[in-house]
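Chain and residue survey
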Amino acid sequence: MDNKKQVSREEYIKYQQEQIEKEFDRKRMFLKYQKRFMIAIIIIVVVGVLGTIGFFLYRLFNPIEQPINTQIVDAPPAGFAITTKQVEIIPESANRYDAFLRIIDTDQNWGVAKLDYTISLRSTDKAVVGERTGTTFILPNQEKSIIELGIDTTNKATTATTDFEIKEVQKLTESPALNFATENLAYQVTDDKSKVTGTIVNQTVFGFSEIIINVLVYNEQNNLVGYNFTTVNDLTPNQRRDFTVFWRKNLNVKKPRIVVESYVNPFNSMPFLDIYSQGQMLEY
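Since the model is a prediction, treat every value here as computed from it, not as a measurement.

Now for the overall build of the chain. Looking only at helices and strands, the chain features one helix and 14 strands. Burial analysis of the chain (284 residues in total) assigns 33% to the buried set. Residue pairs at least 24 apart in sequence account for 70% of intrachain contacts in the chain once pairs closer than 6 positions are excluded. Surface summary for the chain: the accessible area is close to 18700 Å², and the carbon and sulfur share equals 52%.

So, in structure tokens, the structure goes:
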């Protein structure tokens, strides 16, 4: 009986020792993996911090280029310009001159709604002795004349130069056909003064409050000997209107060739009357 109890006690003690060893092994394994886990966490944190610092340093020295919001604007082609085809001056008196320009727009689509120009009259030594500035317009693929009368000078002028500044361009998908016919052209000399008379016919479907009429007179050798301009107001479709231009001198031409050029500014609605014969509109 005592041996049995003694054996039971020994087994119990052995059992307790085994349990203590198992608990110790469990705690030892826990401490072992806990240490590895903490080392891994520390490595992850350090790598994350270093990565974040590296990223910000990289962005600091290599900033991201923001995309530029480019707006595509329809504009004339490179090299678009208005050029002078012809420049002439005619003396009106000792220090007073008339100037004639022929300008050209060779582009098929783009016109100039506002074109500033400067005419510089120059002496034999190229010095500027008189100037005149103005504003005009020109349609795509158009030649047109500009006439400036009575430019005062400080000395005798022999040549003229021109400068242009394009202020406003506009694209016309279809250039308007503003056709005006002329009839009954006649050249007369009265009291040693010349004049040209004629009739303008509005062949368009529009009515106009103002039409500019340039009159050019060429002699037998096809030299331009005189130019002048006038305006005709309130011309409805198919209507006719007489006009006259004068010169204070005799142009001394026996068989003149008379050229009439009529202009209306289609970029401005002011010259157009509200009355028109058909539903035709200008297309821009």
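Here R102 is to be found in strand 2 (residues 96–105). What makes R102 buried here is its relative accessible area of 12%. Among the polar contacts listed, one links the side chain of R102 to the side chain of E261, at a separation of 2.8 Å. Look past the residues within four positions of R102 in its chain and what remains in contact with it is T83, T84, K85, Q86, E143, K144, S145, L216, Y218 and E261.

Spatially, three strands are ordered 1-2-5 in an open sheet, and the strand pairing comes out antiparallel. Strands with a single pairing partner mark the edges of an open sheet, and in this sheet they are strand 1 (83–93) and strand 5 (142–152). Between one strand and the next, the sheet's axes are offset by a mean angle of 15 degrees, whatever the strand orientation. Direction of pairing for strand 1 relative to strand 2: antiparallel, over a ladder of nine bridges.

This part covers unusual backbone geometry. A positive phi angle, close to 55 degrees, is found at N141, a residue other than glycine. Mapped onto the elements, N141 comes out in the loop between strand 4 (128–138) and strand 5. Among the residues examined, N141 registers a relative accessible area of 49% and is labelled partly exposed. Phi at N238 takes a positive value of approximately 65 degrees, unusual for a residue other than glycine.

All chains considered together, the criterion is met by three aromatic pairs. Measuring from centroid to centroid gives 5.4 Å for F100 and Y227, while their planes differ by 35 degrees, and the two rings are tilted. With F100 in strand 2 and Y227 in strand 11 (residues 224–232), this residue pair connects regions lying 127 residues apart in the sequence. Side by side, F100 and Y227 carry an identical accessibility label, which is buried. One residue, K144, lies across the ring of F137, its end atom 3.7 Å from the ring centre. Note that R257 overlies the ring of Y218, its terminal NZ or CZ placed 4.3 Å from the centroid.

On to the confidence of the model for the chain, then. On average, residues of the chain score 82 in pLDDT, and 75% of them are at 70 or above. Segment residues 1–5: pLDDT under 50, and zero contacts once partners within four positions in sequence are set aside and those in other chains are kept. Here residues 273–284 is modelled with pLDDT under 50, and outside its nearest four sequence neighbours on either side it reaches 30 contacts, counting other chains as well.

All right, on to the sheet that holds strand 4 then. Within the open sheet, the three strands sit side by side as 4-3-6. Their pairing is antiparallel. At either end of the open sheet lies a strand with only one pairing partner, and these are strand 4 and strand 6 (159–171). Strand-to-strand, the axes of this sheet are offset by a mean angle of 15 degrees, without reference to chain direction.

In this section: the environment of E210. Looking at where E210 falls in the secondary structure, it is placed in the loop between strand 9 (206–208) and strand 10 (211–218). Spatially, the C-alpha atoms of E210 and Y263 are 9.1 Å apart, while their sequence positions differ by 53 residues.

This part takes up the nonpolar core. Core analysis: the biggest nonpolar cluster contains 22 residues, and V196, I200, I211, I213 and V215 have the highest contact counts within it. Elements represented by at least two residues in this core include exactly strand 7 (180–190), strand 8 (193–202), strand 9, strand 10, strand 12 (240–246) and strand 13 (257–263). A total of four residues in this core trace back to one element, the largest contributor, which is strand 10. Residues contacting I211, with those up to four places away along its chain left out, are F180, I200, T230, T231, V232, L235, S262, Y263 and V264. Y97, V112, Y117 and A157 belong to the second largest nonpolar core, which has 19 residues in total.

Positionally, N202 belongs in strand 8. You can call N202 buried: its relative accessible area is 0%. Dropping the residues within four chain positions of it, N202 is found in contact with N179, F180, G207, F208, L235, T236, P237, N238 and Q239.

Scoring rules and cut-offs
Residue positions within a chain follow its written sequence, with the count starting from 1. Totals for whole chains, interfaces and linings use all residues, but because this is a predicted model, local features are given only for residues with pLDDT of at least 70 and pairs of side-chain atoms are given and counted only at 80 or more. The side-chain values count all of the structure's non-hydrogen atoms but skip hydrogen atoms and water molecules. Numbering of helices and strands runs from the N terminus; a helix is a DSSP stretch of H or I covering at least four residues, while a strand is a stretch of E covering at least two. Note on exposure labels: buried denotes an accessible area under 20% of the residue type's maximum, exposed denotes more than 50%, and partly exposed covers the range between, all computed with a 1.4 Å probe on protein chains only. Any pair of residues with heavy atoms lying within 4.5 Å of one another is described as a contacting pair. Only the protein chains shown count as covering a residue, and every accessible area follows the Shrake-Rupley method with a 1.4 Å probe. Counted as a polar contact is a pair of N or O atoms within 3.5 Å, where, for protein atoms, one must be capable of donating a hydrogen and the other of accepting one, and residues adjacent in sequence contribute only when both atoms are in side chains. Any two strands are treated as partners once DSSP identifies two or more bridges connecting them. Lines fitted to C-alpha atoms define the axes, with helix axes restricted to the stretch in contact, and inter-axis angles between N-to-C directions lie between 0 and 180 degrees. Two aromatic rings, drawn from Phe, Tyr or Trp (for Trp, its six-membered ring), form a pair once their centres lie within 6.5 Å of each other, and the interplanar angle then sorts them: stacked below 30 degrees, edge-to-face above 60, tilted otherwise. As a reminder, the over-ring test applies to NZ of lysine and CZ of arginine, requiring each to be within 6 Å of the ring centre and within 35 degrees of the ring normal. As a per-residue quantity, pLDDT reports the predictor's confidence and falls between 0 and 100. Residues grouped as a nonpolar core are buried Ala, Val, Leu, Ile, Met, Phe, Trp, Tyr and Cys residues, joined through side-chain atoms within 4.5 Å.

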